[in-house]
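Working through the structure, step by step
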Amino acid sequence: MTAQNSLFDIKHLEKIADQVRGEVIQLSHSAQTPHLGSSLSCIDILVVLYWSILSIDSQNSTAPDRDRFILSKGHAATALYAALAYRGFFPLDELRNYAQPGSVMAEHPSIGSAPGIEAATGSLGHGLPIGLGMALASQIQNLSYRVFVVMSDGECNEGSVWEAAMIAPAHGLSNLIVVIDYNKWQATGRSQDVTSIDPLDGKWRAFGWDVYELDGNSIENLVNVLGSIPNSANKPIAIIAHTIKGKGVSFMEDDNNWHYRIPTASEVEEAKKELGLI
Amino acid sequence: MRNVFADEITRLAVEDKRIVLLSGDIGNRLFNNYKEVAANRFFNCGVAEANMIGMSTGMALCGLRPVAYTIAPFITTRCLEQIRVDVCYHNSPVIIVGVGAGFSYAGLGATHHSGEDIAFLRAIPNMHVVCPGDPVEVRLALRAAIDLNKPVYLRLGKKGEPIVHGTSPDFQIGRVITVLEGNDVCLISTGNILPVVVEAAEELDKIGLSAQVVSCHSVKPLDLEFLEFAFSKFRLVATIEEHSRIGGLGGSVAEWFTDQPILNARLQRIGTSDLFLHEVGDQAYVRHRFGLTASAISKQVLRKLSQF
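No experiment lies behind these values; they were computed from the predicted model shown.

All names here are of chain A. Across 6 bridges, strand S6 (residues 210-215) lies against strand S7 (residues 237-242) in parallel orientation. Its bridge partner being in S7, Asp-215 is matched across the sheet by His-242. One crossover worth recording links S6 to the parallel S7 by way of helix H8 (residues 219-226), and it is right-handed.

Quick look at the structure:
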């Protein structure tokens, strides 16, 4: 069930990330749904996790000892759907059902939306407590799986995040890894202006977590750090992943209008050209 | 009810290794026996109820059977969104135990009162709302909730509630338990007010009015078969609860009632009023204040009967 070494190739993963980005942009346009900038910022994180870190089997997505992945920032659902489809959890054609009337593939994911989805998210601040319960369950059940939770920086506004952040170290949960997609924006403003989020690394460290900082849009950096996390430190792990909202498309990068804006057909074409997909 | 719960969850933890008990930093020494038999399946989650419900859901999604326990208002309204999204949207088998429901903690003030919890929780899809009437029902309800394998809210009193059932009754979620047979009126009780309702029936009996008493521990789902029977047999059906008349058992039966064709019986809802209590007093005081004593209940029933 471990990832195959051949998939670790950085260039290969970067190409996959480009494809997933193209898919996410197309889905936003086809289904006329927002949150594109949020999806684009976390795609490199998802690709590295699904292709080189998570101990999973796309053909046996409910194996008891599988690693768990929760996209707590559920509004980036297109990134999750596209990653799962490209990783082989379900046929690529099924992505066409996204946000269509009668489809189970909603704008926020839930168990049953697609194989491989571990928790329903969309309301922020839920993924980490659920992941904490999963990490404790592995101890109780004597299983060795790890739990990865990807959150947004805006999500750190929620008090429930800090409730979970405080209790996880008390249980020495080194199998719980939170990755914060720190793109410095939330829906309507700079994260630092809305709340005093900085120093984010210092906050997690003060709560008792082992903290790593990295470039969350660098496949190589992600592979190197996520691939070498020690699992014997007896502390949960927080990865502050510095990212760019709208990453990968020049006219979307760091422009918060793309939190809600939906690309036109010509913008989709231009974006795909930039990504080298057409 | 509290001590019986602690005893029964300890027995269950021995029988079923999937059971995990989570506490919101209450029950000092209450769970000592539990911790002796299942130390690695007990978690004091601190004063952080939202996280406790999320944690419980994560455990349930991994095949465990979490039982989350703290004071009723803090495990219901404090973390209502976690109950709705984490527990109920996932339809995960988390048992939420609210202790001190109603006015068990009357003297602690309105922050600790719980007169709206049934209303909130029964409105959420997939949730089951179970309010045992005495310590015997607490044991049976906990086992039934575990067997159900669905989200359950278990609404408990605090301690010292008298035993009503001399023998162990047949307990099924969604079915009432008949406590007293009667012919004239039907008193449908839910939760810890049951012993008072039995007393009220005895008072009515003394003046020649035969009252049936049932423990409707299951507010959601309701026992619809019994309701059809009761509203066809009796002149008056009264719901009685230590909960607001808005949205609890009475509200639930009223919703059902309005959807029925013309029924023989009238419906009377007896419960607490739509207000925060600012006065100081214990549970007995509050019951007196809201007309939830045996004598006040019997008088309200007689008054209602005199109106038709």
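All names here are of chain B. Taking 1.5 Å per residue, 14 residues should reach 20 Å; helix H6 (residues 135-148) reaches 20 Å between its end C-alpha atoms and fits that length. All buried positions along H6 are accounted for by Pro-135, Val-136, Glu-137, Val-138, Ala-141, Leu-142, Ala-144, Ala-145 and Ile-146. Its side-chain oxygen 3.1 Å from the backbone nitrogen of Val-136, Asp-134 forms the N-cap of H6. Asn-149 lies just past H6 and shows a positive phi near 65°.

Each partner contributes to the interface: chain B provides 25 residues, whereas chain A provides 23 residues. Interface of chain B and chain A: buried area, both sides summed, is about 1900 Å²; carbon and sulfur atoms make up 67% of it. A per-residue breakdown of the area chain B buries against chain A is headed by Asn51(B), Cys62(B) and His90(B), which together make up 27% of the total. Inspection of the region where chain B meets chain A yields 0 salt bridges. The interface formed by chain B and chain A includes 8 residue pairs in polar contact (both at pLDDT 80 or more). Secondary-structure elements contributing two or more residues to the side of chain B that touches chain A are strand S2 (42-44), helix H3 (49-61) and helix H4 (80-88) of chain B. In terms of residue count, the dominant contributor to the side of chain B that touches chain A is H3(B) (9 residues).

Basis of the calculations
- Residues numbered from 1 in each chain as written.
- Chains lettered and ligands numbered in written order.
- Predicted model: local features only at pLDDT ≥ 70, side-chain atom pairs only at ≥ 80, totals over all residues.
- Heavy atoms only, no water.
- Pairing = 2+ DSSP bridges.
- Helix = DSSP H or I, 4+ residues; strand = E, 2+ residues; numbered from the N terminus.
- Right-handed = clockwise from strand over helix to strand, strands pointing away.
- Expected span 1.5 Å × (residues − 1).
- Buried < 20%, exposed > 50% of the residue type's maximum accessible area, 1.4 Å probe, protein only.
- Polar contact = N/O pair within 3.5 Å; in protein donor to acceptor, adjacent residues only side chain to side chain.
- Contact = heavy atoms within 4.5 Å.
- Buried area = accessible area lost by both parts, 1.4 Å probe.
- Salt bridge = Lys/Arg side-chain N within 4 Å of Asp/Glu carboxyl O.

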